Amino acid sequence: QKEVEQDPGPLSVPEGAIVSLNCTYSNSAFQYFMWYRQYSRKGPELLMYTYSSGNKEDGRFTAQVDKSSKYISLFIRDSQPSDSATYLCAMSGGNTDKLIFGTGTRLQVFP
Amino acid sequence: ETGVTQSPTHLIKTRGQQVTLRCSSQSGHNTVSWYQQALGQGPQFIFQYYREEENGRGNFPPRFSGLQFPNYSSELNVNALELDDSALYLCASSPGERNTGELFFGEGSRLTVL
């Protein structure tokens, strides 16, 4: 079993839809939770960063962490074609120096 | 403020050869990490350097090695290349010793091993 599980998609939605992306994990030591966006042939770009449980909002993006369920989510409101990319969840523990990534979910937003 | 830059962007090697990939970290960042991203997969941690010392290593064999220089730039060396080494190699920098996840990635070096 992988430490971080993420549905690879692809997920195809119309412009303006609310998108929900999710990851589950097995290691209870994870304390830092991130979402990265990766456009084709580009490096990952940090979108959202959360420490421990709770919600964080930034514009059209909301990240949620539920440590009791070992489940994290990213919501995208009013999705745009420019949001079409692969979204990677990533996690790390407080005493480790590496990120554990999910496989990424490919999102397509069509006009 | 300049971001993370990597070179070369693309390269092709044959099995058994050696390769060196280079990375310049973002201004003010003293920690560099390297990740391998196979097609359709998430990045996998190779190792991290802080102040020129290896500061954590993932599940990669010793033929993957690295260096960090006093200006915080870094190199990734891979010896005895195998077909499975074909991947996007990502360099990421951060401002502190401990990665809390706020990494800034370069565009990557895409390696093809034939």
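Asks: How should the interface of chain A and chain B be read in this particular structure?
Replies: How big an interface is tends to be reported as the loss of accessible area on association of its parts. Counting residues at the interface gives 21 residues for chain A, matched by 22 residues for chain B. Carbon and sulfur atoms make up 50% of the surface buried where chain A meets chain B, a total of about 1,800 Å² over both sides. Our count for the chain A to chain B interface comes out at 4 residue pairs in polar contact (both at pLDDT 80 or more). Of all the secondary-structure elements, those providing two or more residues to the side of chain A that touches chain B are strand 4 (30–38), strand 5 (45–51) and strand 9 (85–93) of chain A.

Asks: Would you mind going over the pairing of strand 6 (residues 54–58) of chain A with me for this structure?
Replies: Side-chain direction in a regular strand flips from residue to residue, so the side chains alternate between the two faces of the sheet. Residues and elements named next belong to chain A. Alignment of strand 6 against strand 7 (residues 61–66), held across 5 bridges, turns out to be antiparallel. Residue pairing across strands places Asn55 opposite Gln64, the latter belonging to strand 7. Between the antiparallel neighbours strand 6 and strand 7 lie 2 residues, among them Gly59 with a positive phi of about 65°.

Asks: Help me out: how do you make sense of the nonpolar core in this one?
Replies: Here is a general trend for soluble globular proteins: nonpolar side chains tend to be buried in one another's company. Membership of the largest hydrophobic core comes to 25 residues, with the highest contact counts inside it found for Val4(A), Trp35(A), Ile72(A), Leu74(A), Ile76(A), Tyr87(A) and Met91(A). Elements with a minimum of two residues in this core: strand 3 (19–25), strand 4, strand 5, strand 7, strand 8 (71–76), strand 9 and strand 11 (105–110) of chain A. Setting aside residues up to four positions removed in sequence, Tyr87(A) forms contacts with Gln6(A), Leu21(A), Tyr36(A), Arg37(A), Leu47(A), Leu74(A), Ile76(A), Gly104(A), Thr105(A) and Leu107(A). In this structure, Leu21(B), Cys23(B), Tyr89(B) and Leu111(B) belong to the second largest nonpolar core, which totals 20 residues.

Asks: What is the right way to look at the state of the cysteines in this model?
Replies: Residues and elements named next belong to chain B. What the rule picks out here adds up to 2 disulfides over all chains. Cys23 shares a disulfide with Cys91; S-S distance 1.9 Å. Between Cys23 and Cys91, the S-S torsion sits near -65°, and that sign places the bridge as left-handed. Residue Cys23 is located in strand 3 (residues 19–24), and its partner Cys91 is located in strand 9 (residues 87–94); the two are separated by 68 residues in the primary sequence. With respect to class, Cys23 is no different from Cys91; both count as buried.

Asks: Would you mind going over the side chain of Ser73(A) with me for this structure?
Replies: Residues and elements named next belong to chain A. Tracing the sequence through the fold places Ser73 in strand 8. At 3.0 Å, the side chain of Ser73 and the side chain of Asn22 are in polar contact. When neighbours within four sequence positions are excluded, Ser73 is seen to be in contact with Leu21, Asn22, Trp35, Thr62, Ala63 and Gln64.

Asks: How should I be thinking about the sheet that holds strand 8 (residues 74–78) of chain B in this particular structure?
Replies: In a beta sheet, neighbouring strands are held together by backbone hydrogen bonds and run either parallel or antiparallel to one another. All names here are of chain B. Sheet architecture is open: 4 strands sit in the order 1-3-8-7, paired in antiparallel fashion. In this open sheet, the two strands that pair with only one neighbour each are strand 1 (5–7) and strand 7 (64–68). Direction aside, the axes of adjacent strands within the sheet are offset by 20° on average.

What counts, and at which threshold
Residues numbered from 1 in each chain as written. Chains lettered and ligands numbered in written order. Predicted model: local features only at pLDDT ≥ 70, side-chain atom pairs only at ≥ 80, totals over all residues. Heavy atoms only, no water. Contact = heavy atoms within 4.5 Å. Buried area = accessible area lost by both parts, 1.4 Å probe. Polar contact = N/O pair within 3.5 Å; in protein donor to acceptor, adjacent residues only side chain to side chain. Helix = DSSP H or I, 4+ residues; strand = E, 2+ residues; numbered from the N terminus. Pairing = 2+ DSSP bridges. Core = buried A, V, L, I, M, F, W, Y, C linked by side-chain atoms within 4.5 Å. Buried < 20%, exposed > 50% of the residue type's maximum accessible area, 1.4 Å probe, protein only. Disulfide = S-S within 2.5 Å. Axes fitted to C-alpha atoms, helices over the stretch in contact; angles between N-to-C directions.

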